[in-house]
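# What the coordinates show
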Amino acid sequence: VYGNKGINGILTADIVLNKDLMSKITIAEDGTATVKDGKTVRSWTPIFKYINTDRNGYSGIFDGANHTVSGAYVNDSNGDYSSFFGLIEGATIKNFGITDSYFRAKYTCASFSGSAYSATIINCFSEDCFVSGSYKVGGLIGYFKGGTGLNNYLVPETNCIKRHCLQSLFNSAT
């Protein structure tokens, strides 16, 4: 059980999970990351994920208060929902940035959220991030559904930016 998925939060400072992450890893053509000899990297566990048939999406308001998280590292080539927030549903994410980070999954992979349902993203950015997967992969959001708009797919993104982000789709053996 994940607890209160509707809790609201405000980031009060920048958070560095792995300082200068991209200088500590080597990325192969297929998107696989290898930690360089002598370097240490801490892995990030996404906040709220889809587990079995239970959608456990974050549904609160997260205000980054113009702060960033840098150095997030998720390297799960057979997994899914590899991102800062694994899954968001009806959530609002605002005034937040993710930098110098690496996210890899088989499915639903992005810097902010692997999947978003009826969510709103405002004044956010992803910069100097590498995102890799084989299906439902994106810079900010890997897969989104809900709201209104073309074919019922819409995540309102207002004043959001992706800078220097690399996105890779790799071939899956399954």
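Before any of the text, the structure's been laid out above.
Residues numbered from 1 in each chain as written. Predicted model: local features only at pLDDT ≥ 70, side-chain atom pairs only at ≥ 80, totals over all residues. Heavy atoms only, no water.

## Considering the side chain of Thr 108
Note the cut-off: Secondary structure is summarised from DSSP: a helix means a run of H or I of at least four residues, a strand means a run of E of at least two, and numbering begins at the N terminus for each. Three labels apply to residues, based on accessible area from a 1.4 Å probe with only protein chains included: buried if under 20% of the type maximum, exposed if over 50%, partly exposed otherwise in between. Whether two residues touch is decided by their heavy atoms; if any such pair falls within 4.5 Å, the residues are in contact.
Here Thr 108 shows up in strand E10 (residues 92-109). Classification of Thr 108 as buried rests on a relative accessible area of 4%. The residues touching Thr 108, leaving out its near neighbours within four places in the chain, are Asp 80, Tyr 81, Ser 82, Gly 114, Ser 115, Tyr 135, Lys 136 and Tyr 143.

## Quick notes on the packing of aromatic side chains
Let me state the cut-off plainly: Within 6.5 Å between ring centres, the rings of Phe, Tyr and Trp (the latter by its six-membered ring) count as paired, and their orientation is classed by plane angle as stacked under 30 degrees, edge-to-face over 60, tilted in between.
All told, the structure shown has 13 aromatic pairs when counted by the stated rule. Summarising the aromatic geometry, the rings of Phe 62 and Phe 84 are spaced 6.4 Å apart at their centres and angled 55° between planes, so their arrangement reads as tilted. You can see Phe 62 sitting in strand E7 (residues 61-70) and its partner Phe 84 sitting in the loop between strand E8 (73-82) and strand E9 (85-89), a full 22 residues away along the chain. Classification of Phe 84 as buried rests on a relative accessible area of 5%. In this structure an aromatic cluster arises from ring pairing among Trp 44, Phe 48, Tyr 58, Phe 62, Phe 84, Phe 85, Phe 96 and Phe 112.

## A closer look at the environment of Gly 71
When you line up the elements, Gly 71 lands in the loop between E7 and E8. For the pair Gly 71 and Ile 15, spaced 56 residues apart in the sequence, the C-alpha separation amounts to 8.7 Å.

## Structural notes on the environment of Ala 91
Its place among the elements puts Ala 91 in the loop between E9 and E10. Given a relative accessible area of 1%, Ala 91 falls into the buried group. Taking the C-alpha atoms as reference points, Ala 91 and Gly 57, 34 residues apart in sequence, are found 8.5 Å from one another. When neighbours within four sequence positions are excluded, Ala 91 is seen to be in contact with Tyr 58, Ser 59, Gly 60, Ser 118, Ala 119 and Thr 120.

## Points about the nonpolar core
Generally speaking, nonpolar side chains in soluble globular proteins are found buried as a group. Quick reminder of the rule: To form a nonpolar core, buried Ala, Val, Leu, Ile, Met, Phe, Trp, Tyr and Cys residues must be joined to one another through side-chain atoms within 4.5 Å.
In this structure, Tyr 58, Ile 88, Ile 93, Phe 96 and Phe 112 are the most contacted members of the largest nonpolar core, which totals 28 residues. Residue assignment for this core shows that the elements contributing at least two residues are E7, E9, E10 and strand E12 (120-133). For this core, the element with the most residues is E10, which contributes six residues. Discounting residues that sit within four places of it in the chain, Ile 93 has contacts with Tyr 58, Phe 62, Phe 85, Ile 88, Phe 112, Thr 120, Ile 121, Ile 122 and Cys 124.

## A short note on the pairing of E7
Which entries qualify depends on this criterion: One requirement defines pairing of two strands: DSSP has to find at least two bridges between them.
Strand direction decides the pairing type here: strand E1 (residues 9-10) and E7, joined by two bridges, are parallel. In the strand pairing of E7, Gly 9 is matched with Phe 62. Direction of pairing for strand E2 (residues 15-16) relative to E7: parallel, over a ladder of two bridges. Residue pairing for E7: Ile 15 is matched across the bridge by Val 69. Where E7 and E10 come together, seven bridges link them in parallel fashion.

Don't take any of this as a statement about function, it's just geometry.
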